[in-house]
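Single-letter residue listing:
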Amino acid sequence: MTVDWLVLARRTQTLARAGAAEAVFEQALDGGRELGAAAVALWLYERASYHLDLVAERGLGGPEAGEKRRDWPDLFKIPLTSAGSLVGVAEFYSDDEAGFSADQRSAFSILSAAVAAS
């Protein structure tokens, strides 16, 4: 898949303006899917308990589908950092055996940076 960089630019601008966490998550999930991911998951780091919590997902089938995550042909994980600290992880899943292109991985990185900055 060829990345539509105009879609990415619009999506990151929308993320920057979204403000509320729920809106940011929805925009990121939609953006990941528009950029070619079959599924997207966003995890936030909980400092008090030192673990990641799943806060939003699209395409994975909900919490009961957790075991199926190992069956995806390609999984691209990106740490979400803000001011040098880990705030979460974004996961992009491909159902294509060829996996993600370098352009897609770059686009997911840009999208993830916008999520972390929001």
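Procedures and definitions
Residues numbered from 1 in each chain as written. Predicted model: local features only at pLDDT ≥ 70, side-chain atom pairs only at ≥ 80, totals over all residues. Heavy atoms only, no water. Salt bridge = Lys/Arg side-chain N within 4 Å of Asp/Glu carboxyl O. Helix = DSSP H or I, 4+ residues; strand = E, 2+ residues; numbered from the N terminus. Buried < 20%, exposed > 50% of the residue type's maximum accessible area, 1.4 Å probe, protein only. Expected span 1.5 Å × (residues − 1). Pairing = 2+ DSSP bridges. Axes fitted to C-alpha atoms, helices over the stretch in contact; angles between N-to-C directions. Parallel < 35°, antiparallel > 145°, perpendicular 65-115°, else oblique. Contact = heavy atoms within 4.5 Å. Nonpolar A, V, L, I, M, F, W, Y, C, P; charged D, E, K, R; others polar. Core = buried A, V, L, I, M, F, W, Y, C linked by side-chain atoms within 4.5 Å.

A.B. asks: Teacher, can you tell me more about the pattern of salt bridges here?
C.D. replies: Once their charged atoms are close, side chains differing in charge can pair, the charge on each being opposite to the other. Summed over the entire model, instances satisfying the criterion amount to 4 salt bridges. Arginine 58 is the partner of glutamate 26 in a salt bridge, and the nearest nitrogen-oxygen pair spans 2.4 Å. In this pair, glutamate 26 is assigned in helix H2 (residues 21-34) and arginine 58 in strand E2 (residues 51-58), connecting sequence segments 32 residues apart. By relative accessible area, which is 23% here, arginine 58 ends up partly exposed.

A.B. asks: Which parts of the structure should I look at to understand helix H3 (residues 102-117)?
C.D. replies: Residue pairs three or four apart in sequence face the same way in an α-helix, which turns once every 3.6 residues. Spanning 16 residues, H3 covers 23 Å between terminal C-alpha atoms, matching the ideal 22 Å at 1.5 Å per step. Those residues of H3 that fall on the buried side of the exposure criterion are Gln104, Ala107, Phe108, Leu111, Ser112, Ala114, Val115 and Ala116.

A.B. asks: Any chance you could explain the pairing of strand E1 (residues 39-46) here in plain terms?
C.D. replies: In the case of a regular strand, side chains alternate between the two sheet surfaces. In terms of strand pairing, E1 meets strand E4 (residues 85-94) through 6 bridges, oriented antiparallel. Residue pairing in the sheet places valine 40 in a bridge with phenylalanine 92 of E4. Relative to E2, E1 is paired through 7 bridges, and the arrangement is antiparallel. Its bridge partner being in E2, tryptophan 43 is matched across the sheet by leucine 54. The antiparallel hairpin formed by E1 and E2 contains 4 residues in its connecting segment, where tyrosine 50 sits at a positive phi of about 60°.

A.B. asks: Looking at this structure, I do not really get the packing of H2 against H3. What am I missing?
C.D. replies: The relative placement of two packed helices comes down to the angle between their axes together with the axis-to-axis distance. Running from amino to carboxyl end, H2 crosses H3 at an angle of 180°, the nearest separation of the two axes being 10 Å. Between H2 and H3, the angle is such that the two are roughly antiparallel. For the pair formed by H2 and H3, the contact residues are Val24, Ala28, Gly31 and Gly32 on the first element and Phe108, Leu111 and Val115 on the second. Considering only residue class, the contact of H2 with H3 consists of 5 nonpolar, 2 polar and no charged.

A.B. asks: Explanation requested: the nonpolar core in the structure shown.
C.D. replies: The nonpolar side chains of a soluble globular protein tend to be buried, and buried together. In this structure, Leu15, Leu35, Leu42, Phe92 and Phe108 are the most contacted members of the largest nonpolar core, which totals 24 residues. Elements with a contribution of two residues or more to this core: helix H1 (5-18), H2, E1, strand E3 (74-82), E4 and H3. Top element by residues in this core is H3. It accounts for 6 residues. Residues within four places of leucine 15 in sequence aside, it is in contact with Val24, Gln27, Ala28, Leu111, Ala114, Val115 and Ser118. Formed by 6 residues, the second largest nonpolar core is a distinct cluster that contains Ala41, Trp43, Leu60 and Val89.

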